[in-house]
Amino acid sequence: MDSRFPAIAEQLLLIERELRLAGWWDEASPTAEALSSVEPFSVDTLDFHQWLQWIFLVRMKQILEQDLPLPNASGILEMAEMVYADRPQESLGLRSALKKFDQLIVGAR
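Conventions we followed
Residues numbered from 1 in each chain as written. Predicted model: local features only at pLDDT ≥ 70, side-chain atom pairs only at ≥ 80, totals over all residues. Heavy atoms only, no water. Axes fitted to C-alpha atoms, helices over the stretch in contact; angles between N-to-C directions. Helix = DSSP H or I, 4+ residues; strand = E, 2+ residues; numbered from the N terminus. Left-handed = near helix turned anticlockwise from the far one by under 90°. Contact = heavy atoms within 4.5 Å. Buried < 20%, exposed > 50% of the residue type's maximum accessible area, 1.4 Å probe, protein only. Core = buried A, V, L, I, M, F, W, Y, C linked by side-chain atoms within 4.5 Å. Salt bridge = Lys/Arg side-chain N within 4 Å of Asp/Glu carboxyl O. Expected span 1.5 Å × (residues − 1). Bend = angle between axes of the 7 residues up to and from the residue. Parallel < 35°, antiparallel > 145°, perpendicular 65-115°, else oblique. Nonpolar A, V, L, I, M, F, W, Y, C, P; charged D, E, K, R; others polar.

**Comments concerning the packing of helix H3 (residues 48-65) against helix H5 (residues 92-106)**
Reasoning step 1: The interhelical angle for the contact between H3 and H5, taken along N-to-C directions, is 35°, at an axis separation of 14 Å. Judged by the sense of rotation from one axis to the other, the crossing of H3 with H5 is left-handed. Between H3 and H5, the residues in contact are Phe-48, Leu-52, Phe-56 and Met-60 and Leu-94, Leu-98 and Phe-101, respectively.

Structural data, given as structure tokens:
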């Protein structure tokens, strides 16, 4: 098991918490078609918060549960900064959680 797994698992919970606090947590899943987008961040079918909830968090939890290799890089904060440029205060907690996630991914192996 990668030594970063516990910290990453905690960070994923914090990302979920921030999505919920901001009111960006959906109770109903998007359609299967929307979830099957091949575009980065599913920009053609999902809002960014939906991508975080239904694709990113799900995939990262699978990686941790199945002891799979972590990604070599992460640029999720950059996307969040573009998406929430007009809502800097509203998205501060989420962006902070995503920044820490990015740092954990590129941290020492």
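**Concerning the environment of Gln-50**
Reasoning step 1: Here Gln-50 is to be found in helix H3.
Reasoning step 2: Looking at Gln-50, the relative accessible area reads 17%, which means it is buried.
Reasoning step 3: In this structure the C-alpha to C-alpha distance between Gln-50 and Gln-66, which are 16 residues apart in sequence, comes to 23 Å.
Reasoning step 4: With near-sequence residues (within four places) excluded, Gln-50 lies in contact with Asp-26, Pro-30 and Ile-55.

**Quick word on the nonpolar core**
Reasoning step 1: Membership of the largest hydrophobic core comes to 29 residues, with the highest contact counts inside it found for Ile-8, Leu-12, Ile-15, Phe-48, Leu-52, Phe-56 and Phe-101.
Reasoning step 2: For this core, the elements supplying multiple residues, two or more each, are helix H1 (5-21), H3, helix H4 (76-83) and H5.
Reasoning step 3: A per-element tally of this core places H3 first, with 9 residues.
Reasoning step 4: The contacts of Phe-56, once residues within four sequence positions are left out, are Leu-12, Ile-15, Trp-51, Ile-76 and Phe-101.

**A few points about the pattern of salt bridges**
Reasoning step 1: Counted by the stated rule, this structure contains 5 salt bridges.
Reasoning step 2: The closest approach of N and O atoms between Arg-4 and Asp-2, which form a salt bridge, is 2.8 Å.
Reasoning step 3: For Asp-2, a relative accessible area of 22% puts it in the partly exposed group.
Reasoning step 4: Close ionic contact of Arg-87 with Asp-86 constitutes a salt bridge, the shortest N to O distance being 3.6 Å.
Reasoning step 5: Given the relative accessible area of 28%, Arg-87 is considered partly exposed.
Reasoning step 6: Judged by its relative accessible area of 61%, Asp-86 is exposed.

**Notes on H3**
Reasoning step 1: The terminal C-alpha atoms of H3 lie 24 Å apart, and with 18 residues this matches the ideal 26 Å at 1.5 Å per residue to within 8%.
Reasoning step 2: Of all bends in H3, the biggest is about 30°, found at Phe-56.
Reasoning step 3: Burial in H3 covers these residues: Phe-48, His-49, Gln-50, Trp-51, Leu-52, Gln-53, Ile-55, Phe-56, Leu-57, Met-60, Ile-63 and Leu-64.
Reasoning step 4: On the buried face of H3, the contacting elements are H1, helix H2 (32-35), H4 and H5.

**Digging into the packing of H1 against H3**
Each pair of packed helices gets described by two things: the angle between the helix axes and the distance between those axes.
Reasoning step 1: Across the interface, H1 lies against H3 with an axial gap of 11 Å and an inter-helix angle of 160°. If you check the angle between H1 and H3, you find them roughly antiparallel. Taken as a pair, H1 and H3 cross one another with a handedness that is left-handed. Contacts from Phe-5, Ile-8, Ala-9, Leu-12, Ile-15, Glu-16 and Leu-19 in H1 reach His-49, Leu-52, Gln-53, Phe-56, Leu-57, Met-60, Lys-61, Ile-63 and Leu-64 in H3.
Reasoning step 2: Here the contact of H1 with H3 is composed, by residue class, of 12 nonpolar, 2 polar and 2 charged.

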